Amino acid sequence: MKNIEVEVEVVSREIIKPSSPTPQHLHRYQLSFLDQISPPVYNPWVMFYSSQADLDEISHKLKRSLSDVLTKFYPLAGRLKENLFINCNDKGIPFLEAKVKCQLYDVIQNPAPNELNKFIPFESDKVTDLVLGIQLNIFECGGIAIGSCISHKVADDLSSFMFLKSWAATARGDLEMVRPQFVSAPLFPPKNISGFNPKVGMINEKNIVSKRFVFSAAMIEALREKYGQAKSLENKTRPTRVEASSAFLWSIVHAVNLRTRMDPPLSDYSFGNLFRFASTIPSSGEEGCDLLKKMRDQISHINSEYVRKQQEGIEHLNFIKDRFEMFFKGEMISFNLTSWCRFPVYESDFGWGKPAWVGSPPFNIKNLVVLVDTKSGDGIEAFINLEEQVMAKFECDKEILAFLSPNIWMG
């Protein structure tokens, strides 16, 4: 089944400001050290919802609730100043409305990652001083898609989902919504990062291809069984869904959530960039089972002691500078993976039900894998970025085809 080319026309633009002013003492939101070294990209998401009856009321409800929730997430309505802080001046965020000249099902039955870029308000790799943008897309059938872009300079993926879930709760009139905790800068004070460019690793190549593949629940179980029997994992716990799928894809760099690894652990409502990367360097000819053990060992090293070192010194900054130098010299090929499995991807119910599907527009970064739970929760969708010639080989690999299904909807 071929992907369709979607036509999206923006029909209106306006600025949504917080419903009440931000107090003067909160006008400067300091970036943390982890914010400073995060890449200058937007975290883009598109949430698709089935046909709605009163589209004018939906638009009004989204704008009103967005204005209200911005009073709690006040940095998102401000403006980023260089790589230092956000001026929380309540200037507001762009809200676009667009008409989509097709049916909702035409898009989600066979999603093409690159087409998802038409449903978001900004190009994901072209960060400006704007911290947040929203685009409401209306299909001919009455279905809608809500596209969001949140600057990675202020929020990691869990923080982005937390905002979307809170916005949805506000739209529903949920008064029990938990407020975000802005603790990132006090925990990881900003540092002098002169000599380090957060754009390192971002490239503007034209031959990067992004495609979506699906691990069914049965295939995930088969991989867990396969890797769980490895001698290198003897007397160890069975591989998780993410461990098994990422070892199968031979992923080397994993994004790890720091919230649960701090002492004491932080709440999921702790806002900011609270993640770090675990790197695994495979040996030549190494099988997935051995890589899984190395990967698990490296992730286990990201503990409270590791976090303490990040808070106190510049060891991590020097480490990533060294790694990027190896990358540019051609001494290392990086293959990165980030998992959004078990994140509240499908929890954003604005009052008309949970999303029919949630997709991620691709970053212009090669050798990148993003893992997301299917809506049912038992399968995994893999959004994979590779160079064109590498993707052609990847799609023809018999072992890969035995476990991965290309472009099927797991609704």
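Residues numbered from 1 in each chain as written. Predicted model: local features only at pLDDT ≥ 70, side-chain atom pairs only at ≥ 80, totals over all residues. Heavy atoms only, no water.

Draft legend 1. Molecular detail of the environment of K354. The residue K354 is located in the loop between strand 12 (336-339) and strand 13 (357-359) in this model. Residue classification places K354 among the partly exposed residues on the basis of a relative accessible area of 46%. Measuring from C-alpha to C-alpha, the distance between K354 and K375 comes to 9.8 Å, with 21 residues separating the pair along the chain. When near neighbours in sequence (up to four residues on either side) are disregarded, K354 contacts Y49, Y346, E347, S348 and D349. One polar contact links K354 to E347, side chain to side chain, over a distance of 3.4 Å. (Helix = DSSP H or I, 4+ residues; strand = E, 2+ residues; numbered from the N terminus. Buried < 20%, exposed > 50% of the residue type's maximum accessible area, 1.4 Å probe, protein only. Contact = heavy atoms within 4.5 Å. Polar contact = N/O pair within 3.5 Å; in protein donor to acceptor, adjacent residues only side chain to side chain.)

Draft legend 2. Geometry of the sheet that holds strand 5 (residues 85-87). Strand order in the open sheet formed by three strands is 2-5-4, and the pairing between neighbours is antiparallel. Two strands in the sheet have a free side with no partner beyond their single neighbour: strand 2 (28-30) and strand 4 (79-81). Sheet twist, expressed as the average angle between the axes of neighbouring strands with direction ignored, equals 30°. With three bridges joining them, strand 4 and strand 5 adopt antiparallel strand pairing. Across the sheet, residue K81 finds its bridge partner in strand 5, namely F85. (Pairing = 2+ DSSP bridges. Axes fitted to C-alpha atoms, helices over the stretch in contact; angles between N-to-C directions.)

Draft legend 3. Representation of the confidence of the model for the protein chain in the model. Across the protein chain, the average pLDDT comes to 84, with 85% of residues at 70 or higher. Within the protein chain, strand 6 (residues 93-100) carries the highest mean pLDDT (98), whereas strand 16 (residues 405-406) carries the lowest (62). (pLDDT = per-residue confidence, 0-100.)

Draft legend 4. The arrangement of the packing of helix 2 (residues 55-69) against helix 4 (residues 157-172) in detail. Interaxial distance between helix 2 and helix 4 falls to 9 Å at its minimum, and their mutual angle equals 115°. The two elements helix 2 and helix 4 cross, and the hand of that crossing is right-handed. Taken together, the residues of helix 4 that come into contact with helix 2 (itself represented by K61, L62, S65, L66, D68 and V69) are F163, S166, W167, T170 and A171. Looking at the contact of helix 2 with helix 4 residue by residue, the class counts come to six nonpolar, three polar and two charged. (Left-handed = near helix turned anticlockwise from the far one by under 90°. Nonpolar A, V, L, I, M, F, W, Y, C, P; charged D, E, K, R; others polar.)

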